Structures are given as C-alpha cells and as structure tokens.
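# Tertiary structure, described
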2 protein chains.
Amino acid sequence: MKSRSAPVYTSEYRKCLFTSVVAVRHTGMADEALFEFLHMEMVSHVYRDHQSSKGDTDNKDRASRVSVLEGMGFRVGQGLIERLTRDSPCFKDELDIMKFICKDFWTKVFRRQVDNLRTNHQGTYVLQDNKFAMLTQLSNGKQYLDQAPKYLAFSCGVVRGALSNLGLESVVTAEVSVMPSCKFQVVIQKL
Amino acid sequence: MKSRSAPVYTSEYRKCLFTSVVAVRHTGMADEALFEFLHMEMVSHVYRDHQSSKGDTDNKDRASRVSVLEGMGFRVGQGLIERLTRDSPCFKDELDIMKFICKDFWTKVFRRQVDNLRTNHQGTYVLQDNKFAMLTQLSNGKQYLDQAPKYLAFSCGVVRGALSNLGLESVVTAEVSVMPSCKFQVVIQKL
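So, here is what we can say about the structure in this document. Keep in mind the model is a prediction, meaning the values are calculated, not measured. (Residues numbered from 1 in each chain as written. Chains lettered and ligands numbered in written order. Predicted model: local features only at pLDDT ≥ 70, side-chain atom pairs only at ≥ 80, totals over all residues. Heavy atoms only, no water.)

### Focus: the packing of helix 4 (residues 94-110) of chain B against helix 5 (residues 153-165) of chain B
All names here are of chain B.
- Two elements in contact, helix 4 and helix 5, have axes separated by 11 Å at closest approach and are oriented at 130°. One finds that helix 4 runs oblique with respect to helix 5. Crossing angle aside, the handedness with which helix 4 passes helix 5 is right-handed. Here helix 4 contributes Ile97, Met98, Ile101, Phe105, Trp106, Val109 and Phe110 to the contact with helix 5, which in turn contributes Ser155, Val158, Val159, Ala162 and Leu163.
- Here the contact of helix 4 with helix 5 is built from residues that sort into 11 nonpolar, one polar and no charged. (Axes fitted to C-alpha atoms, helices over the stretch in contact; angles between N-to-C directions. Helix = DSSP H or I, 4+ residues; strand = E, 2+ residues; numbered from the N terminus. Parallel < 35°, antiparallel > 145°, perpendicular 65-115°, else oblique. Left-handed = near helix turned anticlockwise from the far one by under 90°. Contact = heavy atoms within 4.5 Å. Nonpolar A, V, L, I, M, F, W, Y, C, P; charged D, E, K, R; others polar.)

What follows is the structure, given as structure tokens:
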C-alpha cells in the first residue's frame, strides 16, 4: 500500500471524490494553473540559468533575462492571435485592434478583460488590469513588489507579438505600483 | 490607419467578427494553445540555450536538457495534483491513484483520458495515449519521430511530480512508435 493515507472503503469517500472531480471540472481551475505553473517554472529557470552561468546579476544580465522572456512571449502572442482572429477578416482601425486586445484577447490569455483602456489618440495606450493573472500567485503586500517585473516580461511580449501579427509594431512596458494591479503601456511605432 | 487590411464598415464584418469570437469562446481553443505554445517555446529555449553554451550536442548534453525539462514538469505536476485532489481525502490503493491519474488528471493536463492502462500488478504501469496532446502539433509522419522525445520530457516530469505528491516515488519514461500516439511507462519505486 503506497497511498499517503490509510485506505477508507466507505461510500462517503467515493461521494467526496466525485464531488471534488465535478468541482474541478466546473471551475476549470487546473487548466489555468497548468499555464501559470509552467510560466513560474520558466521564469525561475531563465533567472537561475543566467545567474549560474555568470555568477553576478548586473544590469546587462537583468536586461538579457527580461529579453529572453519577452522573446518567448512575443512568439506565443503571435501564435495565439493567429488562432483567435482567423475568422475575423479585418479591423476598422488601430483603436478597434486595441479594443479586441483588451477584451477578447485579454480574456483568453489572462482570464479577464482589461479594466481600463486610455489613449492619447496618438498611438499611446495604457491598459490597466486591477487583478493581473500573472501576479495573483504572489503575495499582495509590498514584500514582493521588487519581484513583480520578472513576472511581467513574458506578458509584455505576448501583447507585442499579438499586435505585431495584426500589423502594429509597438513597444510594450509594464508597471506595478500596488499588487496585483498592473498597468501596461503600449506605444505604437509609426513606420 | 495601421491595420493590416483596408477598413470595411459593413455590418457583414461585424457579424463575422462576432461569430468568430463566439466560436473561440465555445471551443476554448486559445486556452489550450496558450499552454502548448509556451511549452514549445520552453523546449526550444532549453535546447537552444544548452547548445549555444557548449557548441556540441553529445549524450551528456542531451541528458542534461531532458533533465531540465523533466524537473520543470515535476514541480508543475506537484502543484497541479495538489489543486486537483485538495477535496479528495485519500485513495484506496496504488491502482486507485493510477486510475485517477489516467482519468481526471490526464483530462485536465492533456485534455483527454488515457486510452489504455495496463499493469503487471507489481508496480509497473503502461499508459497509452493514442493522440497525445504534446505531439499533435508535430507532423504525423515519420519525419519528426526523432524530435518527439524532447516534447515528452516535461510530461514525464508532470506525471512523476503528481505521483510523488500522492506518496508514490516513480520512474516515468515515454516512448513513441507512431505519431501522435505515446506510451508512458511508470515504475513505482518500492521503498
């Protein structure tokens, strides 16, 4: 017998197992967790990897790690937007694309819509998500605020990749002042 | 105007966009894709990374890359099983655990149940999945058969991590003879 607890043969146990399985199916919790856990692992792998090969953590090093994660996000964003828009022939304009990103794309990737979208109508957009999915696994206090940026690089890349495949080259940065809320700034590069 | 196509203001376009959004919502296709794309990126990052730092691809190198991916999978598996079983107090025996892995766990992680579970009743289990999720993005022919193993290391780790958190230490290996079908062998380590 290798199970962690002693065996219980009551119908109570069966019922309880059944309930738990049904609950998981309804909430789909593990699906989301699968992506989030993999994301966490990837961040820690990239950071551990670069640290061990260099031994120090100077600014150049930090930039290269962020750029690795951002690059991965970029390619994932490109792939995702291609699937999500394959039946939508075109968008009206830049703002229309941004609305799609904030609503449908954000819901698919980060499980909720952007709470607030602002623009100066000159190619700069600020997307605020008050409960950003990639930060909800971290503590809400100020304790881990300095750790937040490494969990945002991939997401910035995802947004940039999606926009790029829709014909908009951009620079995407993220900023956290209060966890788990996050502001993304998208600056469209006019060619 | 930065959108890829010329603007179209017809109601036809709106209708079509709406249809596509609804279709995506129903199938949940992008959610799965999100994990799969990230997995692909991670595999290629780990392989590229090790290659560039060494310049060659000998057996030791190959083993270390597989072990990096397996280790990531292990920790993801541990996290996932904890969520999935948090309301199930215990399992009857080892076989009961394996059935849970093949059915509920597999469905959550790899989107379908295991097609066939065999055991010698001495701690060795063979789980066959005829359409393994991590292989369906590769071509079905023989062309990429030699590429398959690197897309299985993470999954082996996921299974080993899940079993480990349920009190079963194991060795998990995977084998592909015809794509995208895959056989996992789980050997429980009797302590």
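### Let's talk about unusual backbone geometry
Residue and element names in this part refer to chain A.
- For the peptide bond that leads from methionine 179 to proline 180, omega is -5°, which places it in the cis range.
- Here proline 180 is to be found in the loop between strand 3 (170-175) and strand 4 (182-188).
- Of note in this structure, arginine 111 is not a glycine but carries a positive phi near 70°.
- Along the polypeptide, arginine 111 turns up in the loop between helix 4 (94-110) and strand 1 (116-119).
- For arginine 111, a relative accessible area of 36% gives the class partly exposed. (Buried < 20%, exposed > 50% of the residue type's maximum accessible area, 1.4 Å probe, protein only.)

### A few points about the packing of helix 3 (residues 59-84) of chain B against helix 4 of chain B
Residue and element names in this part refer to chain B.
- Axis separation between helix 3 and helix 4 bottoms out at 11 Å; the angle between their running directions is 105°. Comparing their axes, helix 4 and helix 3 come out roughly perpendicular. The segment helix 3 lies against helix 4, with Leu80, Ile81 and Leu84 engaging Phe100, Ile101, Phe105, Lys108 and Val109.
- Of the residues that constitute the contact of helix 3 with helix 4, the class distribution is seven nonpolar, no polar and one charged.

### Observations concerning the environment of glutamate 41 of chain B
- Residue position: glutamate 41 of chain B is located in helix 2 (residues 29-54).
- Remark: the alpha-carbon pair of glutamate 41 of chain B and lysine 183 of chain B, spanning 142 residues in sequence, is separated by 24 Å.
- Not counting residues within four places of it along the chain, the set of residues in contact with glutamate 41 of chain B comprises Met72, Arg75 and Val76 of chain A.

### A look at helix 5 (residues 153-165) of chain A
Residue and element names in this part refer to chain A.
- Its 13 residues give helix 5 an end-to-end C-alpha distance of 19 Å, which sits within 8% of 18 Å, the value for a rise of 1.5 Å per residue.
- Counting buried residues along helix 5, 12 of its 13 residues qualify, which places the element largely inside the surrounding structure.
- For helix 5, the full list of buried residues reads Ala153, Phe154, Ser155, Cys156, Gly157, Val158, Val159, Gly161, Ala162, Leu163, Ser164 and Asn165.
- Downstream of helix 5 by one or two residues, glycine 167 has phi in the positive range, about 90°. (Expected span 1.5 Å × (residues − 1).)

### Quick look at the sheet that holds strand 1 of chain A
Residue and element names in this part refer to chain A.
- An order of 1-2-4-3 is seen for the four strands of this open sheet, with the pairing classed as antiparallel. The open sheet is flanked by strand 1 and strand 3, the only strands paired with a single partner. Averaged over all pairs of adjacent strands, the angle between strand axes in this sheet comes to 15°, irrespective of strand direction.
- Sheet topology places strand 1 next to strand 2 (residues 124-129); four bridges connect them, and they run antiparallel. (Pairing = 2+ DSSP bridges.)

### With respect to the nonpolar core
- Ile101, Leu127 and Leu135 of chain A together with Ile101, Leu127 and Leu135 of chain B are the most contacted members of the largest nonpolar core, which totals 106 residues.
- Those residues in contact with leucine 135 of chain B, other than ones at most four positions away along the chain, are Ala148, Tyr151, Leu152, Val176, Met179, Pro180, Ser181 and Cys182 of chain B. (Core = buried A, V, L, I, M, F, W, Y, C linked by side-chain atoms within 4.5 Å.)

### Brief notes about the packing of aromatic side chains
Residue and element names in this part refer to chain A.
- In this structure the tally under the stated criterion is 14 aromatic pairs over all chains.
- Through pairs of rings, three or more aromatic residues link up here, namely Trp106, Phe110, Phe132 and Phe184.
- Taking the ring centre of tyrosine 47 as reference, the NZ or CZ of lysine 150 above it sits at 4.7 Å. (Phe/Tyr/Trp six-rings, centres within 6.5 Å; stacked < 30°, edge-to-face > 60°. Lys NZ or Arg CZ within 6 Å of the ring centre and 35° of its normal.)

### Describing the pairing of strand 3 of chain A
Residue and element names in this part refer to chain A.
- Bridge analysis of strand 3 against strand 4 gives six bridges, and the strand direction is antiparallel. The residue of strand 4 that forms the bridge with valine 172 is valine 186.
- Between strand 3 and the antiparallel strand that follows it, strand 4, lie six residues.

### A closer look at the state of the cysteines
- In this structure the tally under the stated criterion is zero disulfides over all chains.
- Unpaired in this structure, cysteine 102 of chain A has its nearest cysteine sulfur neighbour in cysteine 182 of chain A, at a distance of 13 Å. (Disulfide = S-S within 2.5 Å.)

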